[in-house]
Structure formats: C-alpha cells, structure tokens
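# Structure at a glance
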Amino acid sequence: MKNRNPLVLISSFVLFFLIVFSSCKKINEATELGSDLIPVVDNINTFSDTLAVETYNELFTNLNDSTRILKTDIHYLGQINNDPLFGKTAASLFLELKPSSFKYAFEDHDAISIDSVVLVLNYREIYGDSTISQQVTVKEISQDANFRRDSLYLINGTPFETTVTLGTKTFLPLSLNDSIKGFREQAANQLRIRLDDAFGQRLLTYDSTNAYLSDSAFRKYFKGFAVLPGGTGGNAVMGFQLADTNTKLAIYYNYVKGGKKDTTVRNFYFNTSTSASANFVQREHTAGEINNYLTNGTGADQLAYIQNTPGSYVRVKIPGLVNLSNRVIHRAELIVQQVAHPLSDALFQPSPNLFIEALIPDGNANSEDDKYKAIPYDLTFNNDGSLNLSGLGTVSTKAFDQAGNSISVWRLNLSRYVQNIVNQKETVTDFRLSSPFIARFSFGLGTSQIMVNPQINPTSTKYRVRVGGGDHPTQPMRLRIVYSNIQ
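Residues numbered from 1 in each chain as written. Predicted model: local features only at pLDDT ≥ 70, side-chain atom pairs only at ≥ 80, totals over all residues. Heavy atoms only, no water.

### Digging into the overall build of the protein chain
Across its full length, the protein chain carries seven helices and 28 strands. In the protein chain, which comprises 487 residues, the share counted as buried stands at 55%. Accessible surface for the protein chain amounts to roughly 21200 Å². Of this, 48% is attributable to carbon and sulfur atoms. (Helix = DSSP H or I, 4+ residues; strand = E, 2+ residues; numbered from the N terminus. Buried < 20%, exposed > 50% of the residue type's maximum accessible area, 1.4 Å probe, protein only. Areas by Shrake-Rupley, 256 points an atom, 1.4 Å probe, with all protein chains shown as cover.)

Below, the structure written as structure tokens:
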C-alpha cells in the first residue's frame with residue numbers, strides 16, 4: 001500500500017545532508033549550452049562536456065509498479081481509442097454507495113413505487129478529446145467478487161466480475177460541466193446515468209429486517225456498481241471524485257400518505273470509511289508508435305516514450321560516466337527534450353514532472369519495484385517533509401524546437417551523484433526515467449536507508465510524452481557536465 005503522508009526525517013539525518021550539500025558550489029546555470037569553456041568562476045577555469053546516453057523503452061507491470069488508488073484520489077473512466085503515439089486506454093471504476101446509516105428504512109407510507117433511480121458521479125476533469133461521444137455501462141458487481149472496503153487495489157489490476165446490466169448512457173464529455181436542474185436540485189459537473197427502474201424498485205422493497213439491517217447485510221444483497229467504458233467511440237478519459245456529496249445514488253420514488261400523492265428522493269453516498277472502490281486502467285500499445293520501439297530488439301532507441309501510471313518508462317545508460325577524470329563537478333544535468341507530435345500533443349499533454357532513479361547495483365532489493373533508489377545526494381526534502389522536486393529538476397520548462405513547436409524540456413540534476421562517482425564513492429548504474437503518480441524507492445546512504453512512497457504527479461492515468469532518445473538526430477537526450485580540472 002502506498003503511503004502518501006509527508007515524509008518526516010529525523011534532525012540528524014537532515015543535518016547530514018545539509019553538510020554534504022553545502023560542500024558543493026553551483027555556477028551560473030544560464031550559461032549557453034554547448035560551450036567548451038565557461039567564464040571564470042572564482043578565478044577557476046570551468047569547462048563543459050557532453051556525454052552520450054543510451055535509451056531503452058520499457059513497460060511497467062505489476063512486478064515493478066505497485067501503485068494503488070486511494071478512495072480520495074481521482075478515479076478515471078472512459079476510453080482513448082486513437083492516441084497515435086501510445087495506442088489505447090480503457091479506464092473503469094468500481095464503487096459502493098450506501099445509506100447514511102443502519103438500521104435504515106424508507107418512510108412508512110400507504111403506498112410506495114419507484115419513479116426513477118440515477119447514478120450520479122462528480123465530474124472533475126477530462127484528458128483527451130471532449131467532442132467525441134463516450135458510452136458507459138453500469139453493471140452490478142458479482143457477489144463472488146473479492147471487492148472489499150478494507151482493501152486498496154492495483155491500478156493495473158484485473159476488473160471484478162459483474163452480473164446484470166443496470167444502465168447505459170452515451171454522452172458528450174464536454175457537456176459534463178453543464179448546469180443541471182433536477183428534482184429539488186440544481187447542480188453542475190455531474191455524469192448522470194439512469195438505471196433500470198426494476199433495480200430501484202428492488203431497493204425500495206428492502207427494509208431494516210434484511211438488507212438495511214447493517215452494513216454487512218447490505219453487502220450481501222448488493223455488492224456495488226461497476227462503471228465500464230463501452231461502444232466503439234471515445235478518445236478521452238474523465239476524472240471523477242467519489243469522496244464528494246455530488247457522487248451518489250439518487251432514488252426518486254412516489255408515495256401515497258393520507259390519501260395524498262407526492263414524490264421525494266433519497267440519496268445513498270460514498271463513505272470513505274465503509275465503502276469500497278477501485279480504479280482499473282488498461283493500456284493497449286499495439287496501435288501506437290511506441291510499439292515499434294518496444295518490439296524492435298535492435299538495441300538503443302532513438303525515441304523514448306514515457307506514460308503516466310500505469311504506463312511506460314525509459315531505461316537510461318551513460319557509459320561515459322565510467323572512468324571520468326578527476327575533477328570538480330559544478331553541474332551535471334540530464335537534458336530531456338520533448339519531440340513534438342503537434343496533432344496529438346494538443347489533446348494529450350505531457351507530465352508536469354519526470355522522475356529519475358538509480359538502479360540498486362547489488363541486486364539486494366526485496367522485490368522488482370524496490371530495485372531503484374533516489375539519486376543520492378541530489379534528491380532532498382523541504383522543511384515541511386515534501387520532496388524538493390524542483391531542485392532535482394523534475395519540473396519541465398517550455399521551449400521551442402527547430403520547427404517552432406512549443407515543447408517541454410527537463411534538466412535533471414545529477415551533480416552531486418556524478419561527483420561521488422568521480423570520487424569513487426558511487427558506482428555507475430542504469431537509471432530509470434519515468435512519470436509516476438506515486439514512486440517507490442530507497443532513500444538514504446549506507447545503513448540509513450528507508451523505503452519511501454512519495455507522490456510525484458498530481459494524478460494517475462493522464463499525461464504522456466515522447467522525448468528524444470540518446471541518438472536522436474536533433475533532440476538527443478544527453479548528460480551535460482560543467483566542471484573544473486584538478487591538477
């Protein structure tokens with residue numbers, strides 16, 4: 001399970017890193033790239049080298065990505081059918097909506113009958129094309145499914161078994177933020193799916209002696225909803241917040257009391273303590289350009305493809321780090337440039353943050369997703385316990401390529417790590433360049449290492465980018481080193 005709480009380090013640990021960091025000095029980072037000789041700093045001549053890198057495209061699997069979606073995270077629904085770079089995505093969500101308390105009962109009326117029953121999901125955002133119709137289908141989760149309120153599920157896990165279909169809706173995603181005036185309600189940012197009246201009538205027939213006796217009794221009568229993408233259309237995923245009062249099951253019913261007829265509504269809500277939820281996202285890369293590089297088997301890749309959780313990453317090798325001459329490293333940065341695909345980039349934007357980790361060389365990791373460590377010395381924590389991602393250079397800046405396309409550029413800071421390689425305190429290893437929602441890696445030095453699970457990007461599922469690989473002809477990934485010689 002992923003721990004999203006801020007990380008708090010003991011004061012001695014923080015002090016140790018501050019001492020290490022203060023021993024290094026940075027030069028002016030605005031220096032023109034590619035210069036061999038950089039203006040004198042403190043009467044010391046500084047030089048610039050560029051080391052070539054090798055890049056290899058890889059996919060995350062359940063073995064090396066244990067990301068689980070919390071109940072309070074954005075859950076995604078929908079399908080991307082035409083991303084020319086990355087292929088297809090299908091996102092489905094599963095949830096329980098329940099009465100506010102147990103024992104529960106509808107009013108004691110002379111007569112009661114269903115008017116309608118509507119599943120309402122609180123809409124937050126869209127990633128992709130909002131002008132292409134989507135279809136979603138609501139099904140009942142099978143009683144045999146291991147769908148539990150006390151479990152968090154892998155985002156790239158297998159969807160739960162379902163039974164009967166309760167409802168289907170086709171809609172334009174761009175309409176989801178429209179205002180809706182319903183019975184005793186005016187709301188916006190909702191996906192409303194009308195369900196079968198027979199299901200609503202079934203809910204009305206339950207009472208406090210059976211399904212509404214307790215939470216556990218209710219689960220034996222109804223396991224929950226599966227909301228699945230369907231049809232052949234759609235080129236977007238939509239984000240929904242389950243832990244919001246705007247997500248609910250609205251049960252509208254007619255009743256007669258004292259000879260008078262009326263209509264009212266009862267709502268069942270998502271409870272973060274007692275309701276189960278899951279979000280499963282499946283990627284299909286065979287229809288995307290990335291597939292040519294996953295299956296080529298011909299060595300290093302000219303283009304690199306990075307997709308947010310669950311997605312893909314790039315394994316990076318920097319052979320030139322071996323046997324670097326004795327020197328003082330002022331700056332070592334891995335330069336990563338987006339290779340534009342203007343038509344699709346407008347719909348599918350790149351990640352705010354790319355993240356880099358170093359492979360643990362001794363193979364002593366407990367599992368596949370523990371095989372990497374934070375970049376020693378260069379990844380730090382802020383005073384509030386959050387990761388200093390900007391200091392590592394994970395945050396992109398904007399630039400223009402030779403064709404005038406706006407692109408994202410990352411300059412990942414490996415300065416102190418490279419210095420310790422020069423000093424033979426670290427060995428040269430492979431790196432992993434990715435765009436995770438949640439990362440999992442070892443942090444610290446020597447025996448003072450801990451496993452941490454920080455959040456790197458705002459959400460899962462959305463974001464992807466194509467970048468230049470090590471031998472790209474115009475936008476190669478490369479390591480730029482600014483240094484001074486030691487006589």
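### A word on the side chain of Ser142
Assignment of secondary structure puts Ser142 in the loop between strand S7 (134-141) and strand S8 (162-171). Residue class for Ser142 comes out buried when judged on its relative accessible area of 5%. Setting aside anything within four residues of it in sequence, one finds Ser142 in contact with Glu161, Thr162, Thr163 and Lys223. (Contact = heavy atoms within 4.5 Å.)

### A few points about the nonpolar core
The biggest cluster of nonpolar side chains holds 44 residues, and the ones touching the most others in it are Leu334, Phe431, Leu433 and Leu479. The contacts of Leu334, once residues within four sequence positions are left out, are Val53, Ile318, Ile356, Trp410, Arg411, Leu412, Leu414, Met477, Arg478 and Leu479. Core analysis: the next-biggest nonpolar cluster, separate from the first, contains 38 residues, Leu77, Leu176, Phe218 and Leu249 among them. (Core = buried A, V, L, I, M, F, W, Y, C linked by side-chain atoms within 4.5 Å.)

### Notes on helix H2 (residues 197-205)
Each α-helix winds once per 3.6 residues, and so residues spaced three or four apart point in a common direction. Of the residues making up H2, those classed as buried are Phe199, Gly200, Leu203 and Leu204. Buried residues of H2 fall within an arc of 145° about the axis and therefore sit on the same side. As for H2, its buried residues are in contact with strand S6 (111-129), S8, strand S11 (190-195), strand S12 (225-230) and strand S14 (248-257). Its side-chain oxygen 3.1 Å from the backbone nitrogen of Ala198, Asp196 forms the N-cap of H2. (Arc of directions from axis to C-beta. Polar contact = N/O pair within 3.5 Å; in protein donor to acceptor, adjacent residues only side chain to side chain.)

### Topic: the pairing of S12
Of all six residues in S12, five are buried, a share of seventy percent or more. Pairing geometry for strand S5 (residues 87-95) and S12, over three bridges, is antiparallel. In the sheet register, Leu93 faces S12, and the bridge partner there is Val227. (Pairing = 2+ DSSP bridges.)

### Section: the packing of aromatic side chains
Evaluated as defined, the whole model comprises 31 aromatic pairs. Ring centres of Tyr104 and Tyr212 lie 5.3 Å apart, and the angle between their planes is 80°; this geometry places the pair in the edge-to-face category. One end of the pair, Tyr104, is in the loop between S5 and S6; the other, Tyr212, is in the loop between H2 and helix H3 (215-221), with 108 residues separating them in the sequence. For the pair formed by Tyr104 and Tyr212, the shared burial category is buried. Ring geometry for Phe147 and Phe160: centres 5.0 Å apart, planes at 55°, overall tilted. In this pair, Phe147 is assigned in the loop between S7 and S8 and Phe160 in the loop between S7 and S8, connecting sequence segments 13 residues apart. Neither Phe147 nor Phe160 differs from the other in exposure class; each is buried. (Phe/Tyr/Trp six-rings, centres within 6.5 Å; stacked < 30°, edge-to-face > 60°.)

### A look at helix H7 (residues 415-422)
Taking burial as the measure, the eight residues of H7 include eight buried ones, the bulk of the element. Within H7, burial applies to Ser415, Arg416, Tyr417, Val418, Gln419, Asn420, Ile421 and Val422. Of the residues one or two after H7, Gln424 is the one with positive phi, at around 65°.

### Remarks on empty space enclosed by the protein
Counted according to the given criterion, the structure contains four cavities of 30 Å³ or more. Of the voids in this model, the second largest cavity is the one considered here, and its volume is about 70 Å³. If you go around the second largest cavity, the residues you meet are Ile80, Asp83, Phe86, Gly87, Lys88, Thr89, Tyr127, Arg283, Gln307, Thr461, Tyr463 and Arg464. Of all elements in the fold, only strand S4 (75-83) and S5 reach the threshold of two or more residues within the lining of the second largest cavity. If one sorts the elements of the lining of the second largest cavity by residue count, S5 sits on top with three residues. Considered class by class, the residues forming the lining of the second largest cavity number four nonpolar, four polar and four charged. (1 Å grid on protein atoms, 1.4 Å probe; cavity = no way out; pocket = protein on both sides within 12 Å on 5 of 7 lines; lining within 4 Å. Points joined across faces, edges and corners; volume = space filled by probe spheres on them. Nonpolar A, V, L, I, M, F, W, Y, C, P; charged D, E, K, R; others polar.)

### As for the pairing of strand S20 (residues 355-359)
Most of S20 is tucked away, with four of its five residues classed as buried. Where S20 meets strand S24 (residues 431-434), four bridges bridge the pair, whose relative direction is antiparallel. Bridge pairing in S24 places Ala358 opposite Phe431. When S20 meets strand S21 (residues 372-374), the two strands line up antiparallel, connected through three bridges.

### A closer look at the pattern of salt bridges
The final tally for this structure, using the stated rule, is 22 salt bridges. One salt bridge connects Arg464 with Asp83, and the closest N-O pair in it is separated by 2.9 Å. One end of the pair, Arg464, is in strand S27 (residues 464-468); the other, Asp83, is in strand S4, with 381 residues separating them in the sequence. An identical accessibility class is assigned to Arg464 and Asp83; each is buried. Across the pair Asp197 and Arg194 runs a salt bridge, and its minimum N-O distance is 3.3 Å. Taking relative accessible area as the criterion, Arg194 reaches 48% and is therefore assigned partly exposed. It is possible to trace a salt-bridge network through shared partners that takes in Glu96, Lys98, Arg149, Asp215 and Arg219. (Salt bridge = Lys/Arg side-chain N within 4 Å of Asp/Glu carboxyl O.)

Spatial relationships are all this shows, so hold off on functional conclusions.
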